[in-house]
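Here's the letter readout for the chains.
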Amino acid sequence: MDMSVPSSFSPAIRGRRLRLPAGAARPPAAGRRRRTALNGFASALPPALAERLDQRLALAHREAWVQRLWARDATLWTGADEDQWLGWLRPGAGPARLAAICRRLCVAGHADAVLLGMGGATLGAEALAHILGVAAGGLRLHVLDSTDVAQILALEARLDLTRTLFVVASKSGATLESGMLAAYFQQRVAALLGRREAGRRFVAITDPGTPLQARALRDGYAAVFEGEPTVGGRYSVLSPFGLVAAALLGHDPAALLRAMQPMLRACSAQVALHRNPGLVLGALLGEAALAGHDKVTLLADPGLRPLGCWLEQLLAESTGKDGKGLIPVADEPHCEPAAYRRDRLFVHLASAQAPDAALAAHASELAAAGHPVLTCNSGAGLSIGQEFFRWQVATAVAAAVLGVNPFDQPDVEASKARTRALAGGGAVAAQAGEPLLVEGALAFHGKSAITASAAALLAAHAAPAQAGGYMALLAYLPRGPACERWLASARHYLGRATGAATLGGFGPRYLHSCGQLHKGGTACGRFLFITADAPRELAAPGYPAGFGATQAAQALGDMEELMARGRPCLRVHIQGDLDAGLAQLDDLLRRALAPATLPSPLAPGAVQAEARARRAQSHIAPMPGAATAIGEIP
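On a predicted model such as this, the values are computed, not experimentally measured, just so you know. (Residues numbered from 1 in each chain as written. Predicted model: local features only at pLDDT ≥ 70, side-chain atom pairs only at ≥ 80, totals over all residues. Heavy atoms only, no water.)

Things to note about the sheet that holds strand β6 (residues 202-206)
One open sheet accounts for five strands, arranged β4-β3-β5-β6-β7; its pairing is parallel. The sheet is open, and its two borders are formed by β4 (140-144) and β7 (223-226), each paired with just one other strand. For this sheet, the mean angle separating the axes of adjacent strands, direction not counted, is 20°. In terms of strand pairing, strand β3 (residues 112-116) meets strand β5 (residues 164-169) through five bridges, oriented parallel. Directly across from Leu115, in β5, lies its bridge partner Val167. On top of the sheet, helix α5 (residues 149-158) reaches β3 and β4; it is set at about 165° to β4, its chief contact. Across the face of the sheet, helix α8 (residues 211-219) comes into contact with β5, β6 and β7 while running at roughly 155° to β6. (Pairing = 2+ DSSP bridges. Helix = DSSP H or I, 4+ residues; strand = E, 2+ residues; numbered from the N terminus. Axes fitted to C-alpha atoms, helices over the stretch in contact; angles between N-to-C directions. Contact = heavy atoms within 4.5 Å.)

Comments concerning the packing of aromatic side chains
Enumeration according to the criterion identifies 15 aromatic pairs in this entry. With centroids separated by 5.7 Å and ring planes inclined at 70°, the aromatic side chains of Trp77 and Phe407 adopt a geometry described as edge-to-face. Taken together, the residues Trp77 in the loop between α2 (65-70) and α3 (95-106) and Phe407 in the loop between α14 (384-402) and α15 (412-424) connect sequence positions 330 residues apart. According to the relative accessible area criterion, Phe407 is buried, its value standing at 8%. A ring pair is formed by Tyr184 and Phe185, whose centres lie 5.0 Å apart and whose planes are at 80°; its orientation type is edge-to-face. The residues Tyr184 and Phe185 share a single accessibility class, namely buried. Put simply, the rings of Trp70, Trp77, Trp88, Tyr235, Phe389 and Phe407 touch in pairs and so form one group of aromatic residues. (Phe/Tyr/Trp six-rings, centres within 6.5 Å; stacked < 30°, edge-to-face > 60°. Buried < 20%, exposed > 50% of the residue type's maximum accessible area, 1.4 Å probe, protein only.)

Section: the nonpolar core
Residues Trp88, Phe225, Leu248, Leu285, Phe389 and Trp391 are the most contacted members of the largest nonpolar core, which totals 102 residues. When residues in this core are grouped by element, the largest group, 13 residues, is from α14. The two domains that each donate at least three residues to this core are domain 1 (40-76 + 265-402) and domain 2 (95-259). Not counting residues within four places of it along the chain, the set of residues in contact with Leu285 comprises Val296, Leu315, Leu326, Leu345, Trp391, Ala394 and Ala398. Within the second largest apolar cluster, 33 residues are counted, among which are Phe444, Leu458, Leu473 and Cys483. (Core = buried A, V, L, I, M, F, W, Y, C linked by side-chain atoms within 4.5 Å. Domains from an automatic or database assignment.)

As for the pairing of β5
Burial runs high along β5: six of the six residues are buried. What you see with β5 is no split at all: Thr164, Phe166 and Val168 on one side and Leu165, Val167 and Ala169 on the other are buried throughout. Across four bridges, β5 lies against β6 in parallel orientation. From the neighbouring strand, Ala169 faces β6, where its bridge partner is Ile205.

Some remarks on the sheet that holds strand β15 (residues 501-506)
Strand order across the open sheet formed by six strands is β12-β13-β17-β16-β14-β15, with mixed pairing between neighbours. Only two strands of the sheet have a single neighbouring strand rather than two, namely β12 (437-439) and β15. On average, each strand axis in the sheet is inclined to that of its neighbour by 20°, with strand direction left out of account. Pairing geometry for strand β13 (residues 442-446) and strand β17 (residues 569-574), over five bridges, is antiparallel. Note on β17: the bridge partner recorded for Leu442 is Ile574. Contacts between helix α16 (residues 454-462) and the sheet are confined to β12, β13, β14 (470-475), β16 (525-532) and β17, with β16 contributing the most and set at about 145° to the helix. Packed on one face of the sheet, helix α20 (residues 578-593) meets β12, β13, β16 and β17 and runs near 65° to β13.

Considerations on the environment of Glu312
Tracing the sequence through the fold places Glu312 in helix α12 (residues 305-319). The exposure class of Glu312 is buried, given its relative accessible area of 11%. Sequence separation of Glu312 and Ile327 is 15 residues, and the distance between their C-alpha atoms is 8.3 Å. Dropping the residues within four chain positions of it, Glu312 is found in contact with Pro328, Ala330, Gly504, Ser513 and Cys514.

Quick word on the environment of Ala136
One can find Ala136 in the loop between α4 (123-132) and β4. What makes Ala136 exposed here is its relative accessible area of 78%. Taking the C-alpha atoms as reference points, Ala136 and His251, separated by 115 residues in sequence, lie 8.4 Å from one another.

Side note on unusual backbone geometry
Residues Gly507 and Pro508 are joined by a peptide bond in cis, for which omega reads 10°. Assignment of secondary structure puts Pro508 in the loop between β15 and α18 (515-520). Even without being a glycine, Asp331 presents a positive backbone phi close to 60°. Structurally, Asp331 is set in the loop between β9 (327-329) and β10 (344-351). Given the relative accessible area of 34%, Asp331 is considered partly exposed.

A look at the side chain of Gln386
Of note, Gln386 is situated in helix α14. Separated by 2.8 Å, the side chain of Gln386 and the backbone nitrogen of Asn39 make a polar contact. With near-sequence residues (within four places) excluded, Gln386 lies in contact with Thr36, Ala37, Leu38, Asn39, Ala259, Met260, Pro262 and Met263. (Polar contact = N/O pair within 3.5 Å; in protein donor to acceptor, adjacent residues only side chain to side chain.)

Focus on the side chain of His362
Its location among the elements puts His362 in helix α13 (residues 357-368). His362 has contacts with Leu299, His334, Cys335 and Tyr340, leaving out every residue within four places of it along the chain.

Description of the state of the cysteines
Structurally, a disulfide amounts to a covalent bond that connects the sulfur atoms of two cysteines. All told, the structure shown has zero disulfides when counted by the stated rule. Among the cysteines around Cys514, which has no disulfide bond, Cys309 carries the closest sulfur, lying 9.8 Å off. Note on Cys514: relative accessible area 4%, which makes it buried. (Disulfide = S-S within 2.5 Å.)

Thoughts on the packing of α15 against helix α19 (residues 547-564)
At their nearest, the axes of α15 and α19 sit 8 Å apart, and the two run at 130° to each other. With respect to each other, α15 and α19 are oriented oblique. Crossing handedness for the pair α15 and α19: right-handed. Residues Ala414, Ser415, Arg418, Thr419, Leu422 and Ala423 of α15 lie in contact with α19, whose contacting residues are Thr550, Ala553, Gln554, Leu556, Gly557, Asp558, Glu560, Glu561 and Ala564. (Parallel < 35°, antiparallel > 145°, perpendicular 65-115°, else oblique. Left-handed = near helix turned anticlockwise from the far one by under 90°.)

Observations regarding the confidence of the model for the protein
Confidence along the protein averages 89 in pLDDT terms, with 87% of residues attaining 70 or more. Counting interchain partners and residues more than four positions distant, the pLDDT-below-50 stretch residues 1-16 has 46 contacts. Low pLDDT, under 50, characterises residues 24-31; the stretch is placed with six contacts to residues that sit more than four places away or in other chains. (pLDDT = per-residue confidence, 0-100.)

Following this line, the structure appears as structure tokens:
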């Protein structure tokens, strides 16, 4: 590809409100397809961060960062194998054949499709399902990314297994959870329809030559969609791992890729660097982290909330290593601007299709209070593809700023090894050790000198978080509305009491999303695990441990690994009735954190005074758009 350095570079953005507006292409000539507008971007930055961005963009210009990205130059990062993982820059080979196969599957008598997989194999597809919905002729798409027995049984109860298509997704073809779920449901369908017919109700998405591909061919799967080996899982949403889901929902994957093209062109080496949406966003993210604004707090309009879950993995797993990283905070209950620490970088994911005026007002209040606030405006429908590409480029650039490899996950395997050892040893619960304390239905496990009461133990675990860092609540519970409400409530208590950023995740789902960050990123997290008795054991044919024992081993293994790395951990195990146990834990958290003995993260009036000073130094100016005069990438 012919590349050239932009002839001029105009930083001129110090202390300003930056804006890269959504732009419309020129009206199409008669008979031509109308072009999709470029999604917009704006930012309100404190002067010091704007100055850092200026300097970073000037450095990126001198060192030809955009050209090196498109040339797949590994020295832009660490000089390791990064050049082998940049296939996502050229997304979507062969969408017509993929779409044709999916159309045949949609008219084969299926009513529902269930995607079985973890992390990057499912998060992008899940976002597409929620954002795009089901089109005419499409299937209802469910995502199952858990080993939780109650969650598996709840989904199964809602399905007619004789009219369900199962999609097994795994880049490596050897993901534990994907394999267990496929084995379980294949057995269940075979019991109803016979083994041969059961195989025809399954399809696979995996890279060439994997164990999953071999199993699919052996068992007569209806189709195998091959992934691109040069695209890692968290960058795979615009590959078959996302495109198959879009097609099964009834959408045209080629149209999704066309709608993404304006962002791809805008991020190319042919565009002036300061007008490149991915480069500017990535430089901002990286410099914000270096300046201490490493808690990337996602404020998503309701229609874009699932995009936040996808971004959580992309940012955490790509940058959270070598003691560094961006710490994504998704779905956190909102607070007043004065309640947030200065470690925040807010990102408003704004929807043009269904804007949330209250959230936009909240973002404006945060900016007025002196917090850095970025706004990514997404157009309607298929233009969500632009956000996928924008953020993939931005994450790769942010990793270059931080000096880490965005395509590896060096600390993930450690927890997996502990899980295998625990599950293989049998009697997982017996390996948990004696609890520190038992109070009612709750048993507390960990290391603490505070054992006077459960409330005191919880307060002691949460209190140090006020000095910095984040609190993570890791719930090995069924992911559904009731547990999601409980988790949001618990995050609210912790955030209000400690002032710390709060992360929430369901296990084992979070292991494939933020697990790398927890272990390899900045060592500033404190972890509260919540586990519970499984309603019953559920076997997965061909696997030594059932789902309940596997989930328990995953929780214990991850906690062991975090503690071995010096991360403070406490586990609360609910014995018996889950609802009663959560109610008791909710009451304990209220009592433990309500006394307000923890000092406010900022002195009264400090935010307002700082905001007045920042406004005196700043002014607003537009940033030129990049939607017009952008050439096609050859």
